[in-house]
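Spelled out from the first residue to the last, the chains are:
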Amino acid sequence: QVQLVESGGGLVQPGGSLRLSCVASGVASSMYPMGWYRQAPGKQRELVAAITTSNITNYADSAKGRFTIARDNTKNTVYLQMNALKPEDTAVYYCRVLVGAANGYWGQGTQVTVSS
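Residues numbered from 1 in each chain as written. Predicted model: local features only at pLDDT ≥ 70, side-chain atom pairs only at ≥ 80, totals over all residues. Heavy atoms only, no water.

**Looking at the overall build of the protein**
Applied cut-off: To qualify as a helix, a DSSP run of H or I must reach at least 4 residues; to qualify as a strand, a run of E must reach at least 2; elements of each kind are numbered from the N terminus. Radius of gyration here is computed from C-alpha atoms only, and the compact-globule reference equals 2.2 Å multiplied by the residue count raised to the power 0.38. With a 1.4 Å probe rolled over the protein chains alone, any residue whose accessible area is under 20% of its type maximum counts as buried; one over 50% counts as exposed, and the rest are partly exposed. Residues are treated as being in contact if the distance between any of their heavy atoms lies within 4.5 Å.
Scanning the protein from terminus to terminus reveals 0 helices and 11 strands. When the helices and strands of the protein are read in sequence order from the N terminus, they spell out β-β-β-β-β-β-β-β-β-β-β. Its C-alpha atoms give the protein a radius of gyration of 13 Å, near enough to 13 Å, the size a compact globule of 116 residues would have. Judged by the C-alpha coordinates and their principal axes, the protein covers about 40 × 25 × 25 Å. The proportion of buried residues among the 116 residues of the protein is 40%. For the protein, contacts bridging at least 24 residues in sequence account for 52% of all contacts bridging at least 6.

**Some details on the environment of Ser 54**
Applied cut-off: In protein, a polar contact means a hydrogen-donor-capable atom and an acceptor-capable atom, both N or O and within 3.5 Å, with residues adjacent in sequence counting only if both atoms are side-chain atoms; elsewhere, any N or O pair within 3.5 Å suffices.
Turning to its location among the elements, Ser 54 is positioned in the loop between strand 5 (46-51) and strand 6 (57-59). Engagement of the side chain of Ser 54 in a polar contact is seen with the side chain of Thr 52, the distance being 3.2 Å.

**A closer look at the packing of aromatic side chains**
How we decide: Note on aromatic contacts: the rings of Phe and Tyr and the six-membered ring of Trp form a pair at centre separations within 6.5 Å, being stacked when their planes are under 30 degrees apart, edge-to-face when over 60 apart, and tilted otherwise. Two conditions define a charge sitting above a ring: the NZ of Lys or the CZ of Arg must be within 6 Å of the ring centre, and it must be within 35 degrees of the ring normal.
One pass over the structure, following the stated rule, counts 2 aromatic pairs. Ring centres 4.9 Å apart and planes at 75° place the aromatic pair Tyr 37 and Trp 106 in the edge-to-face group. Taken together, the residues span a long stretch of sequence, with Tyr 37 in strand 4 (residues 34-39) and Trp 106 in strand 10 (residues 103-106) at a distance of 69 residues. Taken together, a centroid distance of 6.3 Å and an interplanar angle of 80° make the contact between Tyr 94 and Trp 106 edge-to-face. Note that Tyr 94 is positioned in strand 9 (residues 91-100) and Trp 106 in strand 10, a separation of 12 residues in sequence. With relative accessibility at 37%, the residue Trp 106 sits in the partly exposed group. Connected via pairs of aromatic rings, a cluster forms that spans Tyr 37, Tyr 94 and Trp 106. The cationic tip of Arg 45 hangs over the ring face of Tyr 94; the distance from NZ or CZ to the ring centre is 3.7 Å.

**Thoughts on the nonpolar core**
The test is simple: In these notes, a set of buried Ala, Val, Leu, Ile, Met, Phe, Trp, Tyr and Cys residues joined through side-chain atoms within 4.5 Å is what counts as a nonpolar core.
Among the nonpolar cores identified, the biggest contains 27 residues, and Met 34, Trp 36, Phe 67, Ile 69, Leu 80, Met 82 and Tyr 93 are the most heavily contacted of them. Contributing elements (two or more residues each) for this core: strand 3 (18-25), strand 4, strand 5, strand 7 (67-72), strand 8 (77-82), strand 9 and strand 11 (110-114). Setting aside residues no more than four positions away along its own chain, Met 82 makes contact with Gly 16, Ser 17, Leu 18, Leu 20, Arg 66, Phe 67, Tyr 93 and Val 112.

Remember, this is a structural readout, not a statement about activity or role.
Written out as C-alpha cells, the structure is:
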C-alpha cells in the first residue's frame, strides 16, 4: 500500500521559516515526479512546487524565491523548505507522488499557519 506521511507544519510568525517532510512507503518515490500542494479554506488546491526524477524543479509564482523543494532518494523523502513566510501561505500542505498518467497518491496533509 502506498502511503505518504507529511510532517513539519505548525504555527509561525510572518517572516519565519518551516521545513516540511514527506516520507513515502510502498513506492520507490525516486522513480516518479513528486510535488507539494496546498489548500486554504474555501480555496482550490494548488501546486506549490514539483520535482522530477532528475531533480528539475518548478515553483508557483507565489513560492518562487522563498520555497525550495528537494528530495533524498536514500530516505524516500521529499522536503519543502519555506522561508519568508506570509499570512497568505496559511494552508494545509499536501505531498503527492505521480505513478501513472494523471494519477497518483496524496498524503493526509500538514497544517501551516502564518500569523502574528
